[in-house]
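In case you want the letters, here they are:
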Amino acid sequence: MAPTDSEFNPDLLLAHKLPETRFTYNERDVAIYALGIGACDQDAIDSDELKYVYHKNGQDFIQALPTFASLISLGSLTKGLDLPGFKYDPSLLLHGQHYIEIYRPFPSKASLINKVSLAGLQDKGKAAILEIETRSYEQGSGELLCMNRTTVFLRGAGGFSNSSQPFSYKNYPSNQGLAVKIPQRQPLTVCEERTQQSQALLYRLSGDYNPLHSDPEVAKLAGFPRPILHGLCTLGFAIKAIIKCVCKGDPTAVKTISGRFLATVFPGETLITEMWLEGLRVIYQTKVKERNKAVLSGYVNIRGLSSSL
Ligand SMILES: CCCCCCC/C=C/C(=O)SCCNC(=O)CCNC(=O)[C@H](O)C(C)(C)COP(=O)(O)OP(=O)(O)OC[C@H]1O[C@@H](n2cnc3c(N)ncnc32)[C@H](O)[C@@H]1OP(=O)(O)O
């Protein structure tokens, strides 16, 4: 008998080709994104951050933060994905992990073509873990600008495969795993930043309009007391802190970014990011100060460091 629409069908799923998408942005988008992750929020003349939102000292271009890459992939994903052979409830979806490779610094405006593919699916019993890879090419030159791998944790969508041999598919190298071991020693440096009560309302204007981050009723139905902060907003705060504290304010120093969202953040909470240097890798962990709770951890690979660190 042929499987019905609601049944798991790995052959159908793995053979499915996701459509190419397009993403065009300009300097206004770059600046709105930076404001959404707290640039100049604590100090409107912050000499490290003004360049992300304004033509500081007459600079020609507003400078894009490396985490702007995460927006490029999201355009095609935030409404959820229709995947033949696999069903899930998009209202129970949580962002679990995010991985970015940046191949060259971001222009402050561009038109891009996204090639999207399924990178992984795992049955974890109580949940399914779905991974989508997006490679973004500059229209015209065809140059590859960045790659995003979005991992989503689909609550309630597990248990779809044989429980003695749960389904597990990954098409990328295991050394790109995102779990990090937090060093036991004191961090090299620590950065504290308060998010605003309106943080998610501002961040959503960059393109992730999921009402989980803005609508109290939708948040309650998803199991939260109030709207939660976008995972990529928290990631943006953490990486901006690393650029300021370790990369001496140079956003082009960042090559690779990884992050695992460990717990939910509520807008208005204070983020404390601890950073450790291991060669050309910064290991980091972000905690919510008010609850002393780790909410994000990961690493950033950087291109080089000045010897004064
Ligand atoms: C296609 C759609 C694209 C979507 C676009 C993006 C939409 C954006 C949404 C958001 O921004 S949501 C807000 C940001 N995210 C969060 O706030 C999530 C924070 N994290 C959590 O709440 C929890 O970590 C969790 C994800 C609910 C998991 O916790 P839980 O206690 O249920 O898991 P465990 O029992 O510890 O582990 C089970 C299993 O899953 C693996 N795992 C655990 N956490 C993660 C994770 N964050 N990412 C990926 N995988 C995770 C864990 O290793 C276990 O596997 P095994 O070890 O058993 O193999």
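Calculation criteria
Here the residue index of a chain counts from 1 through its sequence in written order. Two thresholds apply to this predicted model, a pLDDT of at least 70 for residue-level local features and 80 or more for giving and counting side-chain atom pairs, whereas whole-chain, interface and lining totals are computed over all residues. Values reported for side chains reflect all heavy atoms of the structure, with hydrogen atoms and water molecules removed beforehand. Working definition: with a 1.4 Å probe on protein chains only, accessible area under 20% of the residue-type maximum means buried, over 50% means exposed, and in between means partly exposed. Comment: elements are numbered from the N terminus, with helices defined as DSSP H or I runs of at least four residues and strands as E runs of at least two. Two strands pair if DSSP finds at least two bridges between them. Contact criterion: two residues are considered in contact whenever any of their non-hydrogen atoms come within 4.5 Å of each other. Expected helix span is given by 1.5 Å per residue-to-residue step, counting one fewer step than there are residues. UniProt positions are given in the numbering used here, feature names are shortened, and annotations may be inferred rather than shown by experiment. Grid points spaced at 1 Å and placed over the protein atoms alone form the basis of the search, with a cavity being a set where a 1.4 Å probe fits but cannot get out and a pocket an open set showing protein on both sides within 12 Å along at least five of seven lines. Lining residues have an atom within 4 Å of a point. Grid points are joined across faces, edges and corners, and a volume is the space filled by probe spheres set on the points. Gly is put with the polar residues, along with every residue not named as nonpolar or charged; the nonpolar set is Ala, Val, Leu, Ile, Met, Phe, Trp, Tyr, Cys and Pro, and the charged set is Asp, Glu, Lys and Arg. A patch is a set of surface residues, each over 30% in relative accessible area and not in a salt bridge, joined within 9 Å for like charges and within 5 Å for the nonpolar side chains Val, Leu, Ile, Met, Phe, Trp and Tyr. Accessible surface area values rest on a Shrake-Rupley calculation with a 1.4 Å probe, where residue burial reflects the displayed protein chains alone. One speaks of a salt bridge when a side-chain nitrogen belonging to Lys or Arg is within 4 Å of a carboxyl oxygen belonging to Asp or Glu. For the purposes of this section, nonpolar cores are sets of buried Ala, Val, Leu, Ile, Met, Phe, Trp, Tyr and Cys residues that join through side-chain atoms within 4.5 Å. Proximity criterion: a residue is near a molecule or strand once any of its heavy atoms comes within 4 Å of it. Polar contacts here mean pairs of N or O atoms no more than 3.5 Å apart (in protein, one a potential hydrogen donor and the other a potential acceptor; neighbouring residues in sequence count only if both atoms are side-chain atoms).

**A short note on the pairing of strand β5 (residues 144-155)**
Step number 1: For β5, a buried count of 9 out of 12 residues is recorded, marking the element as mostly surrounded by other parts of the structure.
Step number 2: In this sheet, β5 lies alongside strand β2 (residues 93-102) in antiparallel orientation, the contact comprising 9 bridges. By the bridge assignment for β5, Glu101 is matched with Met147.
Step number 3: Bridge count between strand β4 (residues 127-138) and β5: 11 bridges; the pairing is antiparallel. Paired with Glu133 across the bridge in β5 is Arg149.
Step number 4: The antiparallel pairing of β4 with β5 creates a hairpin that spans 5 residues between the two strands, and Gly140 there sits at a positive phi of about 100°.

**Some words on the side chain of Thr150**
Step number 1: Along the polypeptide, Thr150 turns up in strand β5.
Step number 2: By relative accessible area, which is 5% here, Thr150 ends up buried.
Step number 3: Contact partners of Thr150, with chain neighbours within four places excluded, come to Ser73, Leu77, His95, Gln97, His98, Leu130, Glu131 and Ile132.

**Points about helix α6 (residues 231-245)**
Step number 1: Taking 1.5 Å of rise per residue, the 15 residues of α6 would be expected to cover 21 Å, and the 21 Å separating its terminal C-alpha atoms lies within 8% of that figure.
Step number 2: In terms of burial, α6 is largely enclosed, as 13 of its 15 residues are buried.

**Some remarks on the UniProt feature "domain: MaoC-like" (unreviewed entry) in the protein**
Step number 1: In the numbering used here, UniProt assigns the "domain: MaoC-like" (unreviewed entry) feature to residues 183-295.
Step number 2: For residues 183-295, helix accounts for 23% and strand for 30%, while the C-alpha atoms at its two ends are 16 Å apart.

**Notes on empty space enclosed by the protein**
If a probe as big as a water molecule is rolled over the atoms, it shows which places are left empty.
Step number 1: The tally for this structure, following the rule as stated, stands at 1 cavity of 30 Å³ or more.
Step number 2: Of the voids in this model, the largest cavity is the one considered here, and its volume is about 40 Å³.
Step number 3: For the largest cavity, the full set of lining residues is Cys191, Glu192, Glu193, Phe237, Ala238, Ala241, Leu271 and Thr273.
Step number 4: Residues of the lining of the largest cavity, tallied by class, amount to 5 nonpolar, 1 polar and 2 charged.

**What to know about a nonpolar patch on the surface**
Step number 1: A surface patch of nonpolar side chains, about 350 Å² in accessible area, is lined by Leu35, Leu202, Leu205 and Tyr209.
Step number 2: With respect to the helices and strands, the residue Leu35 is situated in helix α2 (residues 27-36).

**Points about the pairing of strand β3 (residues 110-123)**
Step number 1: When you tally the buried positions in β3, you get 11 out of 14 residues, the bulk of the element.
Step number 2: Pairing analysis gives 5 bridges linking strand β1 (residues 21-25) to β3, with the strands arranged antiparallel. Bridging across to β3, Tyr25 finds its partner in Ala110.
Step number 3: Sheet topology places β3 next to β4; 11 bridges connect them, and they run antiparallel. Within β4, the position partnered with Ser117 by the bridge is Glu133.

**Focus on α2**
Step number 1: Turning to α2, its buried residues are Val30, Ala31, Tyr33, Ala34 and Gly36.
Step number 2: Next to the buried residues of α2 lie β1, α3 (69-74), α4 (199-203) and α6.
Step number 3: Where α2 terminates, the next one or two residues include Gly38, which has phi positive at roughly 85°.

**Things to note about the nonpolar core**
Step number 1: Ranked by size, the top nonpolar core spans 75 residues in total, and within it Phe86, Phe106, Leu121, Leu130 and Ile242 carry the most contacts.
Step number 2: Ranked by residues supplied to this core, first place goes to α6 with 9 residues.
Step number 3: For Ile242, the contacting residues outside a window of four places in its chain are Cys247, Met275, Val282, Tyr284 and Val300.

**Some words on the site of the ligand**
Step number 1: The environment of the ligand is made up of 23 residues, and the closest members are His95, Lys124, Lys126, Gly231 and Phe261.
Step number 2: In the model, a nitrogen atom of the ligand is placed 3.0 Å from a nitrogen or oxygen of the His95 main chain.
Step number 3: In the environment of the ligand, a nitrogen atom lies 3.1 Å from a nitrogen or oxygen atom belonging to the backbone of Gly96.
Step number 4: Here the ligand has 1,200 Å² of accessible area as a free molecule, and 73% of this is covered by the chains.
Step number 5: Elements with a minimum of two residues in the shell around the ligand: β2, β5 and β8 (254-261).
Step number 6: Looking at the shell around the ligand, its residues break down into 12 nonpolar, 7 polar and 4 charged.

**A closer look at unusual backbone geometry**
Step number 1: For Cys40, which is not glycine, the phi torsion reads 60° and is therefore positive.
Step number 2: Here Cys40 shows up in the loop between α2 and α3.
Step number 3: If you check the backbone angles, Asn292 has positive phi at about 45° while not being a glycine.
Step number 4: Taking the relative accessible area as the measure of exposure, Asn292 reaches 60% and is therefore exposed.

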